[in-house]
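Fold and geometry: a report
Here is how the chains run, residue by residue.
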Amino acid sequence: MAKQKIRIKLKGFDHKIIDQSAEQIVQAVERTGAIVAGPIPLPTHIQKFSVIRSPFIDKDSQEQFEIRTHKRIIDIIETTSKTIDSLTKLNLPAGVEIDIKL
């Protein structure tokens, strides 16, 4: 193949699982002889929610919740056909969203 760049984006709520899956991807790609840049951590997206505890008497007290979405980017610079095969055969843990762009 010609010099083709692959960008892999990982998203998830648990940063430990994302780091484990990023390490698995990097190890699988390096075994095929490709050059890897990353994993690069991106800023964590935080969604905050405030919910009223009681609709009547305790209307002033609120509970606060947040959802943290952690993101990582891995760039594969020099790819081969073995690299793409190894990426398709990976078995990654649940809870990780993977987006692969060629």
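Description of the structure in this document. (Residues numbered from 1 in each chain as written. Predicted model: local features only at pLDDT ≥ 70, side-chain atom pairs only at ≥ 80, totals over all residues. Heavy atoms only, no water.)

**Quick look at the pattern of salt bridges**
- Counted by the stated rule, this structure contains 3 salt bridges.
- As a salt-bridge pair, Arg72 and Asp19 come within 3.0 Å of each other at their nearest N and O atoms. Placement of the pair is Arg72 in strand S3 (residues 62-76) and Asp19 in helix H1 (residues 15-31), with a sequence separation of 53 residues.
- What makes Asp19 partly exposed here is its relative accessible area of 35%.
- One salt bridge connects Glu66 with Arg68, and the closest N-O pair in it is separated by 2.8 Å.
- Residue classification places Arg68 among the partly exposed residues on the basis of a relative accessible area of 40%. (Salt bridge = Lys/Arg side-chain N within 4 Å of Asp/Glu carboxyl O. Helix = DSSP H or I, 4+ residues; strand = E, 2+ residues; numbered from the N terminus. Buried < 20%, exposed > 50% of the residue type's maximum accessible area, 1.4 Å probe, protein only.)

**Quick notes on H1**
- For H1, built from 17 residues, the straight-helix expectation of 24 Å at 1.5 Å per residue is met to within 8% by its first-to-last C-alpha distance of 24 Å.
- Along H1, the residues classified as buried are Ile18, Ser21, Ala22, Ile25, Val26, Ala28 and Val29. The buried residues of H1 occupy an angular sector of 165 degrees when the element is viewed end-on, so they sit on one face. Relative to its buried face, H1 has exposed residues pointing more than 90 degrees away, namely Lys16 and Arg31.
- Packed against the buried residues of H1 are strand S1 (6-12), strand S2 (36-52), S3, helix H2 (81-88) and strand S4 (96-101). (Expected span 1.5 Å × (residues − 1). Arc of directions from axis to C-beta. Contact = heavy atoms within 4.5 Å.)

**Remarks on the sheet that holds S1**
- Taken together, 4 strands build an open sheet; the order of strands is S2-S3-S1-S4 and the sheet is antiparallel. At either end of the open sheet lies a strand with only one pairing partner, and these are S2 and S4. Strand-to-strand twist of the sheet, defined as the mean angle between neighbouring strand axes without regard to direction, takes the value 15 degrees.
- Strand direction decides the pairing type here: S2 and S3, joined by 13 bridges, are antiparallel. The residue bridging Ala37 from the neighbouring strand is Asp75, located in S3.
- Contacting S1, S2, S3 and S4, H1 crosses the sheet at an angle of about 5 degrees to S3. (Pairing = 2+ DSSP bridges. Axes fitted to C-alpha atoms, helices over the stretch in contact; angles between N-to-C directions.)

**Here we look at H2**
- Among the residues making up H2, those that are buried are Thr83, Ser86 and Leu87. Down the axis of H2, the sector holding all buried residues measures 100 degrees, keeping them to one side. Counted as exposed and oriented over 90 degrees from the buried face of H2: Lys82 and Thr88.
- Next to the buried residues of H2 lie S1, H1 and S3.

**Some remarks on a nonpolar patch on the surface**
- Among the surface-exposed residues, Phe13, Phe49, Val51, Phe65 and Ile67 lie close enough to one another that they form a single nonpolar patch of about 480 Å² accessible area.
- Contributing elements (two or more residues each) for the nonpolar patch: S2 and S3.
- If you trace the backbone, Phe13 turns up in the loop between S1 and H1.
- Overall, Phe13 belongs to the exposed group, its relative accessible area being 60%. (Patch = residues over 30% accessible without salt bridge, like charges linked within 9 Å, V, L, I, M, F, W, Y side chains within 5 Å. Areas by Shrake-Rupley, 256 points an atom, 1.4 Å probe, with all protein chains shown as cover.)

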